[in-house]
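Structural characterization, general
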Amino acid sequence: MGKRREPDDLSVHELIEGPTEILSRETLDAIRRPEAVGADLSIEQTHDLSASAAEVTSDLSGAGAAGAGGRTRVELPRMPAPGALYRRAALGALPGLGGRRGADLPAVEFSVAGVRTDRAHLADYDRVCGFRLTDRLPATFPHVLGFPLTLRLMTAPGFPIPLTGVVHVGNRITVHRPITADEALDFTTFAENLRPHDRGRQVDVVLVGSVDGEEVWRGVSTYLGRERTPGGRDRGERPTAPTATARWRVEPRVGTEYARVSGDHNPIHTSRLGARLFGFRRPIAHGMWSKARCLAALETRLPDACTVEVAFKLPVPLPSTVDFTLLPDGAFALHDSRGRPHLAGLVR
């Protein structure tokens, strides 16, 4: 008879390790050291956001204008509807309907011009993630605004990694200057740097936000497409967790609330059944919620222009209690109650 796991224990395959290429080994080692800097940080209550009506859009294909790096640019008249794209991804996962996956990245980029911020949407996002209510966009909010465009890219025919079951292992955001809610953003997305990983393949999905032709924001999300690989991995000795600066209780509603304000309705975050279909016994928090929640705790410390990198490690099951730690030299971390790492980050 196999060993019975504790109710809140996660299996080995749920711990994402390996060369995610987001943070250097030196940075990760520094984050693991128990040399935290104390701070008085608190968490705000979050609120539900009523669901917005899904926009019906048609699929666009074919050649467009020439983009950077030899890519073909496809200009869309509006942001795609996420619901239709998730349905496409679900159908593509069915045997016989998915088509063939490309061996290389598609030489295409998608763009949408004139994307405006709805202030009610921004306020709800701020509440869910713990930011102050202002007209200034949090560093993570353009990721939400442009998410349907990246979803369109990742569900395009020939994209080498299927959306279903993909794991978000890292994210890097660069803010060149403050962005306010009254500015219209032009978004462009493309994929680059397809590379092997010890558990499959990784790809970087780039989203660029511009105002009047000037790049003001750039996000790079690294995704892992898991594939069966021979042999196991040695997890090694678990490092000592740093002293917590703040402790947060993450309730199940975080999954549904963030899905509503972000448009990311992946069922592993919102449904127990959906989570089990992908190997998780409980829904898990969105990685970008975890990053946003950490940046909300650092909000008064962030410079106007900066780069914030994170590596997502152990998923945050819902519900759970997590420890946030502010470390020297711009580093921060998120751990579970046993000291296992959820997220390692760096501001520079």
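Per chain, residues are indexed from 1 in the order of the written sequence. Totals for whole chains, interfaces and linings use all residues, but because this is a predicted model, local features are given only for residues with pLDDT of at least 70 and pairs of side-chain atoms are given and counted only at 80 or more. Only heavy atoms go into the side-chain values, all of them from the structure, while hydrogens and water stay out.

Digging into the overall build of the chain
Helix and strand definitions follow DSSP, with helices as H or I runs of at least four residues and strands as E runs of at least two, each counted in order from the N terminus. Counting its regular elements, the chain contains 7 helices and 12 strands. Two residues form a contact once any of their heavy atoms are found within 4.5 Å. Partitioning the contacts of the chain with sequence separation of at least 6, the portion at a separation of at least 24 is 75%. Residue exposure ignores everything except the shown protein chains as possible cover, and the areas themselves are Shrake-Rupley values with a 1.4 Å probe. Working note: accessible area of the chain is about 16400 Å², and carbon and sulfur atoms make up 51% of it.

Quick notes on the side chain of T140
Looking at the secondary structure, you find T140 in the loop between helix 3 (119–129) and helix 4 (141–154). A polar side-chain atom of T140 sits 2.6 Å from a polar atom in the side chain of Y125. Discounting chain neighbours no more than four positions away, the residues touching T140 are Y125, F131, I173, M288, K291, A292 and L295. Two N or O atoms form a polar contact when they lie within 3.5 Å of each other; inside protein one atom must be a possible hydrogen donor and the other a possible acceptor, and for residues adjacent in sequence the pair counts only when both atoms belong to side chains.

Observations regarding the nonpolar core
Counting residues in hydrophobic clusters, the biggest one holds 69 residues, and the most contacted among them are Y125, Y258, F324 and F332. Broken down by element, the residue count for this core peaks at 8 residues, all from helix 4. The residues contacting Y125, other than those within four sequence positions of it, are F131, P138, T140, F141, V144, Y258, V261 and A292. Buried Ala, Val, Leu, Ile, Met, Phe, Trp, Tyr and Cys residues form a nonpolar core when they are joined through side-chain atoms within 4.5 Å. Note on classification: 1.4 Å probe, protein chains only; a residue is buried when its accessible area is under 20% of the maximum for its type, exposed when over 50%, partly exposed between these limits.

Thoughts on unusual backbone geometry
P319 follows L318 through a cis peptide bond whose omega is 0 degrees. By the secondary structure assignment, P319 is in the loop between strand 9 (306–312) and strand 10 (320–326). Even without being glycine, D212 reaches a positive phi, approximately 55 degrees. By secondary structure assignment, the location of D212 is in the loop between strand 6 (200–211) and strand 7 (214–226). Residues other than glycine seldom take positive phi values, yet D329 does so here, at roughly 60 degrees.

Focus: helix 4
The length a helix should cover is 1.5 Å for every residue beyond the first. Given a rise of 1.5 Å per residue, 14 residues ought to cover 20 Å, and the 20 Å separating the end C-alpha atoms of helix 4 matches this to within 8%. Of all the bends in helix 4, the greatest reaches close to 50 degrees and is centred on F147; the proline P148 follows between one and four positions later. Burial analysis of helix 4 places 14 of its 14 residues in the buried class, which makes it a mostly covered element. Think of it this way: the bend at a residue is just the angle between two axes, each fitted to seven residues, one set ending at that residue and the other starting at it.

Section: the packing of aromatic side chains
Ring pairs are drawn from Phe, Tyr and Trp, using the six-membered ring of Trp, whenever the two centres fall within 6.5 Å, and their geometry is named by plane angle: stacked under 30 degrees, edge-to-face over 60, tilted for the rest. Taken as a whole and assessed by the stated rule, the structure comprises 5 aromatic pairs. Plain terms: the ring middles of W248 and F324 are 5.1 Å apart, the flat faces sit at 15 degrees to each other, and that makes the pair stacked. Taken together, the residues W248 in strand 8 (residues 246–250) and F324 in strand 10 connect sequence positions 76 residues apart. Each of the two residues, W248 as well as F324, counts as buried. Note on F324 and F332: the rings are 6.4 Å apart at their centroids and 35 degrees apart in plane angle, and the pair reads as tilted. With relative accessibility at 0%, the residue F324 sits in the buried group. Members of the aromatic cluster, connected to one another through ring pairs, are Y125, F131, F141 and Y258. Both a distance and an angle decide whether a charge sits over a ring: NZ of Lys or CZ of Arg must be within 6 Å of the ring centre and within 35 degrees of the ring normal. Positioned over the ring face of W248 is R293, at 4.3 Å from the centre of the ring.

Overview of the confidence of the model for the chain
Here the chain averages 80 in pLDDT, while 71% of its residues score no lower than 70. Ignoring residues within four places in sequence, the model shows residues 1–22, a span with pLDDT below 50, making 63 contacts including any to other chains. Note on residues 34–63: pLDDT is under 50 here. Beyond four places in sequence and across chains, it has 59 contacts. One confidence number per residue, pLDDT, is output by the predictor and ranges from 0 to 100.

Let's talk about the pairing of strand 3 (residues 108–115)
The buried count for strand 3 comes to 6 of 8 residues, which makes it a mostly enclosed element. Two strands form a pair only when DSSP identifies at least two bridges running between them. In this structure, strand 2 (residues 72–76) lies alongside strand 3, joined through 5 bridges in parallel fashion. Its bridge partner lying in strand 3, L76 is registered against V112.

Brief notes about helix 3
Among all positions in helix 3, only L122, A123, D124, Y125, D126, V128 and C129 are buried. For helix 3, the elements touching its buried residues are helix 4, helix 5 (253–262) and helix 7 (287–297). One side-chain oxygen of the residue at the start of helix 3 lies 3.1 Å from the amide nitrogen of A120, identifying that residue as D118. In the stretch just after helix 3, G130 is the one whose phi turns positive, near 95 degrees.

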